Amino acid sequence: MVIVMKHNATKQEIDEVVAEIHALGFKDHLSSGEERTIIGVIGDERPIDPEHFEILDGVERVVRILHPFKLASRDFHPEDSVIKINGISVGGNQVIVMAGPCSVESREQLMETAAAVKEAGATVLRGGAFKPRTSPYAFQGLGLKGLELLREAHDTYRMPIVTEVMASQDVSLVAQYADILQVGARNMQNFSLLHALGETQKPVLLKRGLMSTVEELLMAAEYILSHGNQRVMLCERGIRTFETATRNTFDINAIPLLKQLTHLPVIADPSHGTGKWELVTPVARAAIAAGADGIIVEVHCNPAHALSDGAQSLKPAKFAELVNDIRRIAQAVGRMV
Ligand code: PEP
Ligand code: MN
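A few points on the structure. Every chain's residues receive numbers from 1 upward, in the order its sequence appears when written. Chain A is the first chain written and ligand 1 is the first ligand written, with later ones labelled in order. Only residues with pLDDT of 70 or above have their local features reported here, since the model is predicted, and side-chain atom pairs are shown and tallied only from 80 upward, although totals for entire chains, interfaces and linings are computed over all residues. Side-chain measures were taken over the full set of non-hydrogen atoms in the model, leaving aside hydrogen atoms and water.

All right, on to the overall build of the protein then. Think of it this way: any DSSP run of H or I at least four residues long counts as a helix, any run of E at least two long counts as a strand, and we number them from the N terminus. In terms of helices and strands, the protein carries 11 helices and 14 strands. The C-alpha atoms of the protein give a radius of gyration of 21 Å, which matches the 20 Å a tight globule of 337 residues would have. Taken along its principal axes, the extent of the C-alpha atoms in the protein is 65 × 45 × 40 Å. Think of it in three bands: residues with accessible area under 20% of the maximum for their type are buried, residues over 50% are exposed, and the middle band is partly exposed, with areas taken using a 1.4 Å probe on protein chains only. Looking at the 337 residues of the protein, the share that counts as buried comes to 53%. All radius of gyration figures rest on C-alpha atoms, and the globule criterion is 2.2 Å times the number of residues raised to 0.38.

Turning next to the sheet that holds strand β3 (residues 37-42). At least two bridges found by DSSP between two strands are what make those strands a pair. A sheet is described by the order of its strands in space; here 4 strands give the open sequence β2-β3-β1-β4, paired in antiparallel fashion. Of all the strands in the sheet, just β2 (27-32) and β4 (59-63) have a single pairing partner and so form its edges. Taking each pair of neighbouring strands and ignoring which way they run, the sheet shows an average axis angle of 20°. The sheet contact formed by strand β1 (residues 2-5) and β4 spans 4 bridges and is antiparallel. Paired with V4 across the bridge in β4 is R61. Sheet contacts for helix α1 (residues 11-23): β1, β2, β3 and β4; angle to β3, the most-contacted strand, approximately 5°. Between N-to-C directions, angles cover 0 to 180 degrees, with each direction set by a line fitted to C-alpha atoms, over the stretch in contact for helices. In this analysis, two residues are considered to be in contact whenever any of their non-hydrogen atoms come within 4.5 Å of each other.

Here, a salt bridge means any side-chain nitrogen of Lys or Arg that lies within 4 Å of a carboxyl oxygen of Asp or Glu. Applying the stated rule across the entire model yields 17 salt bridges. Between K259 and D293 there is a salt bridge, with its nearest N and O atoms 2.8 Å apart. Of this pair, K259 sits in helix α8 (residues 254-261) while D293 sits in the loop between α10 (277-289) and β14 (294-298), and the two are 34 residues apart along the sequence. The burial state of K259 is the same as that of D293; both residues are buried.

Protein-derived coordination of the manganese ion (ligand 2) comes from C102 (SG), H272 (NE2), E298 (OE) and D309 (OD), at a distance range of 2.0 to 2.4 Å. Sites may look incomplete, because water is not among the atoms used; the donor set itself consists of N, O and S atoms within 2.8 Å of the metal (3.2 Å for Na, K and Ca). All donor residues of the manganese ion (ligand 2) come from one chain, and their arrangement in sequence is C-x169-H-x25-E-x10-D. On the criterion of sequence distance, the pair formed by H272 in helix α9 (residues 270-274) and E298 in strand β14 is long-range, its members being 26 residues apart.

Proximity is defined per residue: if any heavy atom of the residue lies within 4 Å of a molecule or strand, that residue is considered near it. Residues in close proximity to ligand 1 total 13 residues, the closest being R126, A185, R186, K207 and R237. Contact between ligand 1 and K207: an oxygen atom at 2.9 Å from a side-chain N or O atom of the residue. Pairing of N or O atoms within 3.5 Å defines a polar contact, subject to two protein rules: one partner must be a possible hydrogen donor and the other a possible acceptor, and residues neighboring in sequence count only if both atoms are side-chain atoms. Taking E298, its side chain carries an N or O atom lying 3.2 Å from an oxygen atom of ligand 1. Using a 1.4 Å probe, the Shrake-Rupley method yields the accessible areas, and only the shown protein chains count as cover for residues. Here ligand 1, which alone exposes 300 Å², has 97% of that area covered by the protein. Asp, Glu, Lys and Arg are counted as charged, while Ala, Val, Leu, Ile, Met, Phe, Trp, Tyr, Cys and Pro are counted as nonpolar; the rest, among them Gly, fall into the polar class. Residues of the shell around ligand 1, tallied by class, amount to 3 nonpolar, 3 polar and 7 charged.

Here we come to the packing of aromatic side chains. What counts as a ring pair is set by centres within 6.5 Å for rings of Phe, Tyr and Trp (its six-membered ring), and what kind of pair is set by the plane angle: stacked under 30 degrees, edge-to-face over 60, tilted for all other angles. Overall, the coordinates contain 1 aromatic pair when judged by the stated rule. Ring geometry for F191 and Y223: centres 4.6 Å apart, planes at 35°, overall tilted. Pair noted here: F191 is in helix α6 (residues 191-198) and Y223 is in helix α7 (residues 214-226), with a separation of 32 residues, a long-range link. Overall, the relative accessible area of 34% leaves Y223 in the partly exposed class.

Here we come to unusual backbone geometry. Positive phi, close to 45°, is recorded for N86, a residue that is not glycine. At R158, a residue that is not glycine, the phi angle is positive and equals roughly 55°. Within the secondary structure, R158 sits in the loop between α4 (144-157) and β9 (161-164).

Between helix α3 (residues 107-120) and helix α11 (residues 316-332), the shortest axis-to-axis distance is 9 Å and the interhelical angle comes to 25°. When the axes of α3 and α11 are compared, the pair comes out roughly parallel. Judged by the sense of rotation from one axis to the other, the crossing of α3 with α11 is right-handed. Of α11, the residues touching α3 (which contributes A116, V117 and A120) are P316, F319, A320 and V323. Among the residues making up the contact of α3 with α11, the classes are represented as 7 nonpolar, no polar and no charged. These descriptions rest on fixed angle ranges, namely under 35 degrees for roughly parallel, over 145 for roughly antiparallel, 65 to 115 for roughly perpendicular, and the rest for oblique. Handedness of a helix crossing follows the sense of rotation of the near helix relative to the far helix, less than a right angle counterclockwise being left-handed and clockwise being right-handed.

Here it is as structure tokens:
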């Protein structure tokens, strides 16, 4: 349930509503917008009659949120959330471009790729240091060395870094090096990891699980939000279907559906969504046309020799063409790259 306060509600009226929420055994979640304050009642508030709050001074109306996700819901927070990351905004009018290698492989590889993606127009650098690989015999990432190289690339190219954190015990380490903490698809329902991320104030890029519904993705986001971190971005990265011609099936429906259901920014990952570099650009274009707030794309200078995900990695020149394409599409849908 959310309590919408009148635009001229006083601090005392707001405090009294919050006190009443606590008296009933619930937690509150205050959202102070430019126009008015909205107070979320957190807990199973189904037995409570909305009238209980409607009669309090300063209350304009009380809205029941019918979705199981509350803080993530647009009913709770009607305006788009804009997440500020080192001077970059995600979720506003600007479409964000994140790019870089699947894995950090070496200093040369990372620096060369960072220079190329920056030149092409990317504003956030991606690169995995801790890699969730299907096989324990495959390259597992450089770990701490990879994080150090990402920081060096950050300092050289002045780009915020997004990298995956795989375990709750690694959150504080990865948070020292990264500007955005990525939760990989395989970890979307790692609840202790989500809880730990909720206790940081670092932006989180939460990827949709391979077999997860849109509602499950939003419930995973709700874990992070309800533990105190409001800086969450969602990522559609394709789901597993009966189709084996592509690595995953990019769920284009999820983009406008998420934009309808939630205020959180929605990022598209056409690289994992398709698994084939030839399909990355057309799917990126479609995602921006469908309303995505940004894309995250794998780029490698020598995909044939990549240690992970070479088949879906774009060479820098192709990536530069992609950025030019989405620049025009963004403009056509009233956005900017
Ligand atoms: C990645 O970003 O390289 C990655 C492993 O993504 P996902 O978790 O979506 O498979
Ligand atoms: Mn990858």
